[in-house]
Amino acid sequence: MTLRDSLPSATAQAASPMVVSEGVHKRFGALEVLKGVTLSVNAGEVMCLVGPSGSGKSTFLRCINHLEQISAGRLYVDGELVGYRQRGDRLFEMHPKDAARQRRQIGMVFQRFNLFPHMTALENIVAAPVKDQGRRREAAIEQGRDLLKQVGLSDKADAYPAQLSGGQQQRVAIARALAMEPKLMLFDEPTSALDPELVGEVLDVMRALADKGMTMIVVTHEMGFAREVADSLVFMDDGVVVEAGNPREVLANPTHARTRAFLSKVL
Amino acid sequence: MSSRAPNDVGSLPIDAVPLRHPGRTASALVIVALLGLFLYGAATNSAYEWSTYAAYLLDERISRAAVITLMLTVLAMVIGVVLGVLLAVMRLSPNRVLRSVSWGFVWFFRGTPVYVQLVFWGLITTIYRTVDLGVPFGPQFLHISTSSFAENFFWLAVIGLGLNESAYMAEIVRAGISSVDEGQYEAATALGMSWREATTLVVLPQAMRVIIPPTGNELISMLKTTSLVTAIPYTQDLYSRARDLAVETFNPVPMLLVASTWYLFFTSILMVGQFYLERHFGRGASRAASSKQLKTLAAAQLRDDKAVR
Ligand SMILES: Nc1ncnc2c1ncn2[C@@H]1O[C@H](COP(=O)(O)OP(=O)(O)OP(=O)(O)O)[C@@H](O)[C@H]1O
Ligand SMILES: [Mg+2]
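Residues numbered from 1 in each chain as written. Chains lettered and ligands numbered in written order. Predicted model: local features only at pLDDT ≥ 70, side-chain atom pairs only at ≥ 80, totals over all residues. Heavy atoms only, no water.

Caption draft 1: Representation of helix 8 (residues 196-211) of chain A within the structure. All names here are of chain A. If you check helix 8, its first and last C-alpha atoms are 23 Å apart, about what 16 residues at 1.5 Å a residue would give, namely 22 Å. Of the positions making up helix 8, those classed as buried are Leu198, Val199, Val202, Leu203, Val205, Met206, Leu209 and Ala210. Along helix 8, the residues classed as buried sweep out an arc of 155° about the axis, all on the same side. Across helix 8 from its buried face, at more than 90 degrees, point the exposed residues Glu197 and Asp211. Where helix 8 is buried, its residues touch strand 3 (46-50), helix 7 (166-178), strand 9 (184-188), strand 10 (215-219) and helix 9 (223-229). Where helix 8 terminates, the next one or two residues include Gly213, which has phi positive at roughly 95°. (Helix = DSSP H or I, 4+ residues; strand = E, 2+ residues; numbered from the N terminus. Expected span 1.5 Å × (residues − 1). Buried < 20%, exposed > 50% of the residue type's maximum accessible area, 1.4 Å probe, protein only. Arc of directions from axis to C-beta. Contact = heavy atoms within 4.5 Å.)

Caption draft 2: Structural context of the side chain of Glu218 of chain B. Along the chain, the position of Glu218 of chain B falls in helix 9 (residues 195-225). Within the buried set, Glu218 of chain B has no salt-bridge partner at all; the shortest N-O distance to an opposite charge, 9.3 Å, is to Arg110 of chain B. (Lys, Arg positive; Asp, Glu negative; His and termini not counted. Salt bridge = Lys/Arg side-chain N within 4 Å of Asp/Glu carboxyl O.)

Caption draft 3: A nonpolar patch on the surface, seen in detail. Residues and elements named next belong to chain B. Residues Tyr115, Val119, Phe120, Leu123, Ile127 and Tyr128 make up a contiguous nonpolar surface patch of roughly 560 Å² in combined accessible area. Of note, Ile127 is situated in helix 6 (residues 114-127). Take Ile127: its relative accessible area is 45%, and that puts it in the partly exposed class. (Patch = residues over 30% accessible without salt bridge, like charges linked within 9 Å, V, L, I, M, F, W, Y side chains within 5 Å. Areas by Shrake-Rupley, 256 points an atom, 1.4 Å probe, with all protein chains shown as cover.)

Caption draft 4: Quick look at the state of the cysteines. Residue and element names in this part refer to chain A. Using the criterion set out here, one finds zero disulfides over all chains in the structure. Here Cys48 stays unpaired: no disulfide links it, and the sulfur of Cys63, its closest cysteine neighbor, is 19 Å away. For Cys48, a relative accessible area of 0% puts it in the buried group. (Disulfide = S-S within 2.5 Å.)

Caption draft 5: Region of interest: the pattern of salt bridges. All names here are of chain B. Considering all chains together, one arrives at 19 salt bridges over all chains under this definition. Glu60 is the partner of Arg64 in a salt bridge, and the nearest nitrogen-oxygen pair spans 2.3 Å. Note that Arg64 and Glu60 are positioned in helix 4 (residues 60-91) at a spacing of four residues, about one turn of the helix. Residue Arg64 is classed as exposed on the basis of its relative accessible area of 52%. For Glu60, a relative accessible area of 52% corresponds to the exposed category.

Here it is as structure tokens:
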């Protein structure tokens, strides 16, 4: 009997927090962008993050992935401090190698795809697993083809990004992030650069991923997606969390004036 | 009005009469005629002494000097590229000291004539008679007497040309790296790649597209700059040998033609190499797929369609 079998129930296991943010601040010089963000996301849950432009949503995602270093507060992913090592009550900056290891557990999808233009779709997907994780190339290619199939692009393995539509590029980017077998996926406005008729195909892939139990934080303006798929909705403004809760309730009855003002513009 | 119904036309491949370009044809004819006149004049002008040209073109003294020129070019270029990449990376590093050293190096070596630098390298063994490395008044780790290099003008030429070249290469590489979108480095980092992996796997291959054409230029320019090594003074290269032999033949013109032929020959080979390099690093840069790639894509599409049915 393994430890997992002895756990009381699947729901109890799922309720463990994957991301915990405690009073996270981020300053760029004198400019304070995050002014104490506190929230948590449980394993297997989808959180949608909305808010006006410049409110710090992208910055917060980048902090979770340690692409930016936080200035104050604490940020944990799967119980592990992000970017620092704690000994006693002193924090020590993490060695780049350890930071890279942490990032491998977190997949990130960008608004502008950021596929590697000199590699084919399949090469984009296998590059990191082969290099970082020292996986065998054949195994990685097999997994890569499998992922391309999952995002509905098995016929585009040998196409270069410039030869793909925006929606197809973003689906390759999602497959690329999944190839690292992350515990957590971060999406930064994954559909904002797409033509309206291409948005659906990307959201479908994300929805399938959520159904499989992937923990996801999604910055988006797609309120329909938030309502249907998200377990929680967080409204951020000016570097703080203004309102958080069940997406249906927040969208139907926002309690804060700032939330109401924002939603009236995007809905 | 065509007698055929419009829906007949739909799937037929288009077979249109190509547009004529009378202006282009006329200008091409004029240029070809002028070229013919020039070639005729050159062939019949006795100053060119084509018989001497033929006798010396494959002369062993000339071909050996040509090989030496090629070696000077390649070795100096290797130093130039390696040191240039290093200088470019230093220039882009967050470390202020490294940045300044790189800037100062480029400032000096780009700002002084290569001829002057070569004269300086020729004198270096009289300026520094020994090289000592050690703790002052303490133990000595390294002691080299430069007199052993004094006769080795070939290597002084390589070093002189290489260091000068590295200053230019540094700027070319830096421009190439800066041309790559920041999001590329970020995406690589987010995938857990280290700085080294991100640079070698993602950033440099894309920078190559920008780096290679001017580097090809530099290489060809280097081939010809080697003729300045007489400043060291090194006299075994192609141009120096051709000049020496001209004294023997009492006519510099055919020997200049011989040297030019060899320079052109090497340049042509280098240009072929550059073509293949550009094609290699240009992959994915354009929407247009290669014919081989279109075949694999079409095959994959067919396979997929069958699988759906
Ligand atoms: N590297 C940086 N240096 C200085 N300021 C920055 C930097 N990155 C972000 N900012 C600032 O931080 C603020 C928040 O930016 P962020 O990109 O997180 O907003 P956002 O909520 O994602 O907006 P959008 O919806 O437009 O993407 C902005 O005012 C931006 O100018
Ligand atoms: Mg943003």
